[in-house]
Amino acid sequence: MEQDIEVIRDKNSMRNWSRTKRAQGEKICLVPTMGYLHRGHLALVEEAKKRATRVVVSIYINPAQFAVGEDFSTYPSNFEGDLDKLKDLGVDTVFVPSDLYVREDNAGAGKGQDNIASGCISCLEGKSGNGHETWIRVEKMEKPLCGKSRPIFFRGVATVVAKLFNIVEPDFAVFGKKDYQQCRLICRMVRDLDFAVEIVGCGIVRDSDGLALSSRNVHLSPKERQEALSICRSLNQVKDAVCNGQISTGILQHSVLEAVRNAGGKIDYVEIVDQETLQHVDRIDLPVVLCVAAWFGGVRLIDNIELQAPTS
Ligand code: AMP
């Protein structure tokens, strides 16, 4: 039965809602998203429903994780469509903060504000000294992989997630392993800063042809989308090669690099790293994870595959 969905936009109302529910003995699970929801997001909601009696989905395009020149202003959104999908799943509460960051001009930090139309962090920090200036850095884990080409990205992610945890005070929060580095980094932040929340990681949801679902896929042309399949195909080939005894990470990484380049992609990184620390490994010593980021046209895609020791 479809029920009404409550949209909360104000931080204090969100916190009061949560505290009231928790006082009534309810367990709350938060699913943070940037919206334009697809089956990957919905799988996180399904996982959340298994853990908690109340699921809060947050929808917020976080300006703090986009550097100047990145795709903040063109990030896809479809709020009404998102609400319909969440209603169908029986989610009763959606947090859509309009005032997450205090900014020097006192404007809200939501998408669509004129002064952040180019999508930038600088408009949060400002020049007057009254803007947002407190950041969480997960110092080592933010540096490799996506951190190399997006040096402020994980600072923005860790900070917004910490803010959401402080506002919603969830018992659980669900993250997708599609954003592998993000998921691991949030676990580390929770451990290091004693957040009272249990992090649940969910497997990657793919389209029937293997492409990892992503809100950004909508910007791929049909040709780029075909080319992008080289990523998941080459990840699976690496898995097979490891099963067949290949232990050189150099050789394995090179095979992905060649396959994606030959298909027309522009590589950001291909790296095999330790699953916990995300530090590079020179030879396969399972478990590890192979992570890839590559551009197809103007769209940057990420994907990964966990390589586990066989269970017998
Ligand atoms: P986003 O809206 O892209 O910030 O993603 C919100 C959450 O959904 C993050 O925890 C992502 O890792 C997760 N997510 C996005 N795409 C997928 C996918 N294809 N499979 C599983 N989780 C995903």
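The structure displayed is predicted, hence computed values, not measured ones. (Residues numbered from 1 in each chain as written. Predicted model: local features only at pLDDT ≥ 70, side-chain atom pairs only at ≥ 80, totals over all residues. Heavy atoms only, no water.)

Participant: Give me the lowdown on helix H8 (residues 222–243), citing residues and values where you can.
Facilitator: An ideal rise of 1.5 Å per residue puts 32 Å on 22 residues; H8 measures up with 33 Å between its terminal C-alpha atoms. Within H8, burial applies to Glu224, Glu227, Ala228, Leu229, Ser230, Ile231, Cys232, Ser234, Leu235, Val238 and Val242. Tucked into the core, H8 has its buried residues touching helix H9 (249–263), strand S8 (288–296) and strand S9 (299–307). Just past H8, the residue Gly245 takes up positive phi, approximately 105°. (Helix = DSSP H or I, 4+ residues; strand = E, 2+ residues; numbered from the N terminus. Expected span 1.5 Å × (residues − 1). Buried < 20%, exposed > 50% of the residue type's maximum accessible area, 1.4 Å probe, protein only. Contact = heavy atoms within 4.5 Å.)

Participant: Lay out the nonpolar core in plain terms, naming residues and giving numbers.
Facilitator: Formed by 47 residues in total, the largest nonpolar core has its most connected members in Phe165, Ile186 and Met189. Counting residues per element, the ones that place at least two in this core are helix H1 (11–23), strand S2 (28–33), helix H6 (153–168), strand S5 (172–176), helix H7 (180–193), strand S7 (266–274) and S8. Counting residues per element, this core draws most heavily on H6, at 11 residues. Here this core gathers at least three residues from each of two domains, domain 1 (6–202) and domain 2 (215–305). Other than its neighbours up to four places away in sequence, Phe165 contacts Leu30, Pro170, Ala173, Phe175, Ile186, Met189, Val190, Phe195, Val197 and Ile199. (Core = buried A, V, L, I, M, F, W, Y, C linked by side-chain atoms within 4.5 Å. Domains from an automatic or database assignment.)

Participant: Residue-level account of the pattern of salt bridges, with values.
Facilitator: In total, this model carries 22 salt bridges according to the counting rule given. Across the pair Glu47 and Arg51 runs a salt bridge, and its minimum N-O distance is 3.0 Å. Placement of both Glu47 and Arg51 in helix H2 (residues 39–51) is noted, with a separation of four residues, approximately one turn of the helix. Residue Glu47 is classed as buried on the basis of its relative accessible area of 15%. (Salt bridge = Lys/Arg side-chain N within 4 Å of Asp/Glu carboxyl O.)

Participant: Describe the sheet that holds S9, and please don't skip the residues or the numbers.
Facilitator: Taken in spatial order, the three strands line up as S7-S8-S9 in an open sheet, and their pairing is antiparallel. Single-partner strands in this sheet number two, and they are S7 and S9. Along the sheet, successive strands turn relative to each other by an average axial angle of 10°, direction set aside. Direction of pairing for S7 relative to S8: antiparallel, over a ladder of eight bridges. Across the sheet, residue Glu271 finds its bridge partner in S8, namely Cys291. Docked against the sheet, H8 engages S8 and S9, running at close to 20° with respect to S9. (Pairing = 2+ DSSP bridges. Axes fitted to C-alpha atoms, helices over the stretch in contact; angles between N-to-C directions.)

Participant: Outline the pairing of S5, supporting the account with residue identities and numerical values.
Facilitator: Burial within S5 is extensive, with five of its five residues counted as buried. A two-sided burial pattern is seen for S5, the buried positions comprising Phe172, Val174 and Gly176 on one face and Ala173 and Phe175 on the other. In this fold, the crossover linking S5 to strand S6 (residues 198–202) by way of H7 has right-handed handedness. (Right-handed = clockwise from strand over helix to strand, strands pointing away.)

Participant: Give me the lowdown on the site of the ligand, citing residues and values where you can.
Facilitator: Residues in close proximity to the ligand total 17 residues, the closest being His41, Gly176, Asp179, Val205 and Leu213. One of the backbone nitrogen or oxygen atoms of Met34 is found 2.9 Å away from an oxygen atom of the ligand. Relative to its unbound accessible surface of 480 Å², the ligand loses 94% to contact with the protein. Where the shell around the ligand is concerned, the elements lending two or more residues are S2, H2 and S5. For the shell around the ligand, the element with the highest residue contribution is H2, accounting for three residues. Residues belonging to the shell around the ligand are distributed by class as follows: eight nonpolar, seven polar and two charged. (Near = heavy atom within 4 Å. Polar contact = N/O pair within 3.5 Å; in protein donor to acceptor, adjacent residues only side chain to side chain. Areas by Shrake-Rupley, 256 points an atom, 1.4 Å probe, with all protein chains shown as cover. Nonpolar A, V, L, I, M, F, W, Y, C, P; charged D, E, K, R; others polar.)

Participant: Break down the state of the cysteines for me, citing the residues and quoting the values.
Facilitator: Summed over the entire model, instances satisfying the criterion amount to zero disulfides. The structure places no disulfide on Cys146, whose sulfur is separated from the nearest cysteine sulfur, that of Cys291, by 7.9 Å. (Disulfide = S-S within 2.5 Å.)

Participant: Run through H1, naming residues and quoting values.
Facilitator: Under the 1.5 Å per step criterion, the end-to-end length of H1 is 18 Å for 13 residues, consistent within 8% with the ideal 18 Å. Among all positions of H1, only Met14, Trp17, Ser18 and Lys21 are buried. Projection of H1 onto a plane perpendicular to its axis shows the buried side chains occupying an angular sector of 95°, all on one side. Buried residues belonging to H1 abut strand S1 (6–8), S2, strand S3 (54–59), strand S4 (93–95) and H6. You can read the cap of H1 off the contacts: a side-chain oxygen lies 3.2 Å from the backbone nitrogen of Asn12, and it is on Asp10. One or two residues past the end of H1 sits Gly25, with phi positive at roughly 90°. (Arc of directions from axis to C-beta.)

Participant: Tell me what's going on with the domain arrangement of the protein, and back it up with residues and numbers.
Facilitator: Taken domain by domain, the protein holds domain 1 (6–202) and domain 2 (215–305). Between the C-alpha centres of domain 1 and domain 2 there is a distance of 26 Å. Contact with domain 1, which involves 24 residues of that partner, is made by 18 residues of domain 2. Between domain 1 and domain 2 the total buried area reaches about 1900 Å² when both faces are included, carbon and sulfur atoms providing 52% of it. Here domain 1 and domain 2 share three salt bridges between them. (Buried area = accessible area lost by both parts, 1.4 Å probe.)

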